[in-house]
Number of protein chains: 2
Amino acid sequence: MTTASDRRTIETCITALVRGYVRVPSDMGLPTSCEELLHTVGDQAVSSNAGGKRLRALLALAAYDAALATRGDGAGHEPMTRERMTELACAIEIFQTSALVHDDIIDDSDLRRGKPSAHKALATICADDGVGQSLGILLGDLLATASIDAASGAVEGSRHGPQILRAFLDMQRNVDVGQVLDLSVGLMPLDDPNLLERASLGVFRWKTASYTTIAPLELGFLCAGWSREQAGIHARAIGLPLGVAFQIEDDLLDAVGSSTGTGKPVGGDIREGKRTVLLADALSLSDDRDRRTLRSIFESDHRSDEDVTQVVAIFRRSGAVAQSEERIARLRRESATALDALPVGRGDRERLCDTCALFAARHSPDAD
Amino acid sequence: MTTASDRRTIETCITALVRGYVRVPSDMGLPTSCEELLHTVGDQAVSSNAGGKRLRALLALAAYDAALATRGDGAGHEPMTRERMTELACAIEIFQTSALVHDDIIDDSDLRRGKPSAHKALATICADDGVGQSLGILLGDLLATASIDAASGAVEGSRHGPQILRAFLDMQRNVDVGQVLDLSVGLMPLDDPNLLERASLGVFRWKTASYTTIAPLELGFLCAGWSREQAGIHARAIGLPLGVAFQIEDDLLDAVGSSTGTGKPVGGDIREGKRTVLLADALSLSDDRDRRTLRSIFESDHRSDEDVTQVVAIFRRSGAVAQSEERIARLRRESATALDALPVGRGDRERLCDTCALFAARHSPDAD
């Protein structure tokens with residue numbers, strides 16, 4: 001069962017992995033100023049990795065714990081140790097941070113986990129926005145490779161290591177593809193809310209569910225010795241609706257939550273003009289006047305504080321907020337049903353269920 | 001021996017790997033506009049990978065061929081097939097392209113291999129500079145993971161696969177670190193030419209020699225069955241001076257070459273204000289007046305065509321160009337001496353020597 005001690009182990013492990021990876025080689029023999037910049041990037045790597053709720057790592061561990069007691073479909077293999085599983089779980093977290101660092105450059109976001117985003121922090125240290133962005137790109141690259149390096153180290157020596165590493169690499173690919181798809185949704189016109197709804201929901205599978213819920217579950221099952229087929233089927237059945245619900249709630253919190261809850265300014269998505277399911281629903285459900293207002297606000301180049309307030313009001317009175325809440329509830333039920341069908345003991349299932357519930361309790365101040 | 005047929009195989013293999021990786025999943029069910037953007041990124045991935053001289057892949061294959069006939073120090077293992085070696089060699093090329101895509105964003109470069117750089121091409125297609133840059137970041141991410149995916153596929157099933165994959169990941173890390181160090185050199189003041197010289201030359205190991213010469217040699221030796229220790233020692237002895245010479249020549253060609261030879265505009269480095277060994281030498285060797293001119297030009301925010309012409313003239317008359325040529329010749333001799341000490345047959349060594357010579361013959365129109 002995942003515990004407070006797991007959380008501490010995860011934090012220590014992530015810091016050690018990142019620190020070890022972005023270190024200054026001892027035989028470098030370079031001028032101090034060169035080594036200093038590498039130290040700065042190394043410190044930022046550690047700092048960017050700090051402060052996450054570790055939901056993905058905890059889910060991977062919980063899936064492993066639940067699956068370990070059963071042989072699954074019998075086509076599986078020798079399980080990995082829990083220590084190795086923990087390292088792999090940390091690799092998922094490091095990969096997430098790498099994606100967030102690049103995502104914040106793409107979205108030009110100032111804040112992440114309640115602190116300046118990586119490229120902004122680096123820009124401040126170097127007193128140069130361009131250098132900050134360049135270092136942010138390189139930091140994201142370093143962390144992405146660091147995560148694969150960590151995953152590769154975790155599975156080394158295991159006969160099914162290559163299979164598990166492949167699942168890890170597939171996760172990265174799906175997220176990269178999802179990020180491209182996310183940009184494509186951002187470019188969609190607003191004249192067809194149904195199309196926008198279908199696109200947004202479809203993209204959530206790739207950009208969010210892939211690494212938030214599906215891959216942690218799959219990697220946990222695989223490390224417990226389950227076959228790739230069985231691990232994949234159950235991970236998707238439980239993880240896809242859970243991950244999509246997670247993203248819908250994320251977008252909902254951005255509009256009607258508090259910045260203490262997300263570490264990001266409220267209404268940030270609206271200010272960016274981001275196309276969301278919430279917006280698609282509001283366009284579908286509102287009257288002509290509100291629909292025209294929404295389109296004119298979202299089609300303009302910039303959005304003021306007043307615009308944000310107005311959009312939030314329309315999101316509420318159109319019923320879009322309520323509809324997102326219904327979507328979330330429906331998807332969570334779907335995920336729970338799939339969890340019921342998981343071939344594990346009752347106690348194990350309940351504990352996994354508790355961890356899945358963490359994905360639905362993000363109104364607390366330390367939410368990811 | 002590497003042949004024209006190897007070159008064709010390499011091109012086909014790279015395109016197949018990239019196309020297969022950045023494909024639209026068949027069960028995606030997304031609106032056409034979303035899938036279209038993914039197609040666009042996929043096409044750009046193929047196009048960005050085209051047009052390279054494949055020096056790194058050819059060097060890896062040549063190292064493999066040379067090393068295959070001997071057992072090395074006897075501590076080695078079963079060699080991989082030449083087909084698998086070719087896939088791994090292509091993975092190095094794909095990784096290079098991923099690094100170039102991000103590097104062109106960092107340097108804000110318009111051209112690469114004689115065509116628009118990836119983010120510029122994507123900006124043109126999407127008629128939006130911001131979207132072009134965002135897609136460029138994601139394309140670099142996709143290609144970096146694609147290269148590891150390809151490397152991981154190439155070594156799968158080999159008992160020493162994890163060791164070879166580790167060498168591949170180390171290469172990526174070294175290049176990422178090298179890129180950060182390269183930025184640090186770019187931030188150095190110009191009042192200490194000796195420090196600048198030491199920094200530039202030191203950074204070349206990480207940002208260039210790492211993946212241009214050292215890793216191809218090391219991976220070739222490893223795949224031929226040599227031990228990690230022996231592969232590493234010889235790869236560094238031959239590859240480090242060869243790779244540093246390659247980078248010095250690259251900087252030299254940028255200043256005094258032709259744009260047909262490099263696919264990049266002449267004087268691009270000078271226009272960017274890039275700190276190079278050439279600049280360090282010119283600062284050391286020129287008289288007070290020229291030194292003041294260099295500093296004032298390189299310390300200002302922008303450099304005109306006239307500035308570029310003036311800098312090139314100072315590079316020549318100070319003796320910095322001649323000094324770079326001497327540096328290159330000295331490093332090549334050092335590399336040749338290390339090659340002489342390689343424990344392989346005479347014919348094998350000569351063929352590897354021929355491939356190393358490709359790194360010194362870049363005045364041809366298709367240079368990388």
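Residues numbered from 1 in each chain as written. Chains lettered and ligands numbered in written order. Predicted model: local features only at pLDDT ≥ 70, side-chain atom pairs only at ≥ 80, totals over all residues.

Asks: Sorry if this is basic, but what is going on with the overall build of chain A here?
Replies: Within chain A, the regular secondary structure consists of 16 helices and 2 strands. Radius of gyration (C-alpha) of chain A: 21 Å, near the 21 Å computed for a compact globule of 368 residues. Here the C-alpha coordinates of chain A stretch approximately 65 × 60 × 30 Å along the principal axes. Counting over 368 residues, chain A shows a buried share of 53%. Long-range contacts, defined here as pairs at least 24 residues apart, represent 76% of the contacts in chain A between residues at least 6 apart. (Helix = DSSP H or I, 4+ residues; strand = E, 2+ residues; numbered from the N terminus. Rg over C-alpha atoms; globule rule 2.2 N^0.38 Å. Buried ≥ 20, exposed ≤ 12 C-beta atoms within 10 Å, placed from the backbone. Contact = placed C-beta atoms within 7 Å.)

Asks: Help me understand the domain arrangement of chain A, please; the structure alone is not making it clear to me.
Replies: By a frequent convention, interface size equals the accessible area lost on bringing the separate parts together. All names here are of chain A. Domain assignment breaks chain A into domain 1 (1-50 + 81-157) and domain 2 (159-368). Here the C-alpha centroids of domain 1 and domain 2 sit 24 Å apart. Listed per partner, the contact involves 19 residues of domain 1 and 17 residues of domain 2. Of all the secondary structure elements, the ones that give two or more residues to the side of domain 1 that touches domain 2 are α4 (82-106), β1 (111-112) and α6 (129-155). Per-element accounting of the side of domain 1 that touches domain 2 gives the leading share, 7 residues, to α4. Within the side of domain 1 that touches domain 2, the residues separate by chemical class into 10 nonpolar, 5 polar and 4 charged. (Domains from an automatic or database assignment. Nonpolar A, V, L, I, M, F, W, Y, C, P; charged D, E, K, R; others polar.)

Asks: What should I look at first to understand the interface of chain A and chain B in this one?
Replies: At the junction of the two partners, chain A supplies 48 residues and chain B supplies 48 residues. If you list the elements that add at least two residues to the side of chain A that touches chain B, you get α2 (32-49), α4, α6, α7 (161-186) and α8 (193-223) of chain A. Take the side of chain A that touches chain B: its biggest share by element is 15 residues, from α7(A). The residue makeup of the side of chain A that touches chain B, split by class, is 30 nonpolar, 11 polar and 7 charged.

Asks: How do you make sense of the relation of the copies chain A and chain B when you look at a structure like this?
Replies: Relating one copy of the chain to the other takes a rotation about an axis and a shift parallel to that axis. Screw-axis analysis of chain A against chain B gives a translation of 0.0 Å along the axis, an RMSD of 0.0 Å, and a rotation angle of 180°. Within this description, the copies of the chain are treated as partners about a two-fold rotation axis. Taken together, the interface assignments show that 100% of the residues at the interface of chain A recur at the interface of chain B, consistent with an identical surface on both copies. (Least-squares fit on C-alpha atoms with pLDDT ≥ 70 in both.)

Asks: Sorry if this is basic, but what is going on with the environment of Arg159(B) here?
Replies: Residue and element names in this part refer to chain B. One can find Arg159 in the loop between α6 (129-155) and α7 (161-186). On the basis of neighbour counts, which here come to 9 C-beta atoms within 10 Å, the residue Arg159 falls in the exposed class. In this structure, the C-alpha to C-alpha distance between Arg159 and Met80, residues 79 residues apart in sequence, is 9.7 Å.

Asks: Would you explain α2(A) in this entry?
Replies: Three- or four-residue spacings in an α-helix give side chains the same orientation, since the helix completes a turn every 3.6 residues. Relative to the 26 Å expected for 18 residues at 1.5 Å per residue, α2(A) spans 26 Å between its end C-alpha atoms, a close match to the ideal helical length. Those residues of α2(A) not exposed but buried are Cys34(A), Leu37(A), Leu38(A), Val41(A), Gly42(A), Gln44(A), Ala45(A), Ser48(A) and Asn49(A). Down the axis of α2(A), the buried set is contained in an arc of 160°. They therefore lie on one face. Looking at the buried side of α2(A), the elements it contacts are α1 (4-21), α4, α5 (118-126) and α6 of chain A together with α7 and α8 (193-223) of chain B. Downstream of α2(A) by one or two residues, Gly51(A) has phi in the positive range, about 90°. (Expected span 1.5 Å × (residues − 1). Arc of directions from axis to C-beta.)

Asks: In this structure, what is going on with unusual backbone geometry? I would like to understand it.
Replies: What you tend to see is this: most non-glycine residues have negative phi, and most peptide bonds are trans. Residue and element names in this part refer to chain A. One non-glycine residue, Arg113, adopts positive backbone phi at about 50°. Turning to its location among the elements, Arg113 is positioned in the loop between β1 and β2 (115-116). For Arg113, a count of 21 C-beta atoms within 10 Å translates into the label buried.

Asks: Looking at this model, I keep getting lost on α7(B). Mind explaining?
Replies: Under the 1.5 Å per step criterion, the end-to-end length of α7(B) is 38 Å for 26 residues, consistent within 8% with the ideal 38 Å. Burial runs high along α7(B): 20 of the 26 residues are buried.

Asks: Please clarify how the environment of Ser304(B) should be interpreted in this entry.
Replies: All names here are of chain B. Residue placement: Ser304 occurs in the loop between α13 (288-299) and α14 (305-317). Residue class for Ser304 comes out exposed when judged on the 11 C-beta atoms lying within 10 Å of it. It is 53 Å that separates the C-alpha atoms of Ser304 and Thr81, two residues lying 223 residues apart in sequence.

Asks: What is the right way to read the confidence of the model for chain A from this model?
Replies: Close inspection of predicted coordinates is inappropriate in any region flagged by low pLDDT. Taken over all residues, the pLDDT of chain A has a mean of 91, while the share at 70 or more is 93%. In this model, residues 363-368 of chain A is a region of pLDDT below 50 whose contacts with residues beyond four sequence positions or in other chains number 11 contacts. (pLDDT = per-residue confidence, 0-100.)

Asks: For this particular structure, what's the right way to read the environment of Ala357(A)?
Replies: Residues and elements named next belong to chain A. Turning to its location among the elements, Ala357 is positioned in helix α16 (residues 346-357). C-beta crowding within 10 Å serves as the criterion here: with 12 such atoms nearby, Ala357 is assigned to the exposed category. Once the C-alpha coordinates of Ala357 and Arg271 are considered, the two residues, 86 residues apart in sequence, prove to be 30 Å apart.

Asks: Would you mind showing me how to read the packing of helix α1 (residues 4-21) of chain B against helix α2 (residues 32-49) of chain B here?
Replies: How two helices sit against one another is set out by the angle between their axes and by the gap between those axes. Residue and element names in this part refer to chain B. Where α1 contacts α2, the axes come no closer than 9 Å and their chain directions differ by 155°. In terms of orientation, α1 and α2 fall into the roughly antiparallel class. Crossing geometry of α1 relative to α2 is assigned as right-handed. Between α1, through Ile14, Thr15, Val18 and Arg19, and α2, the contact on the second element is made entirely by Gly42, Ala45, Val46 and Asn49. Looking at the contact of α1 with α2, its residues break down into 4 nonpolar, 3 polar and 1 charged. (Axes fitted to C-alpha atoms, helices over the stretch in contact; angles between N-to-C directions. Parallel < 35°, antiparallel > 145°, perpendicular 65-115°, else oblique. Left-handed = near helix turned anticlockwise from the far one by under 90°.)

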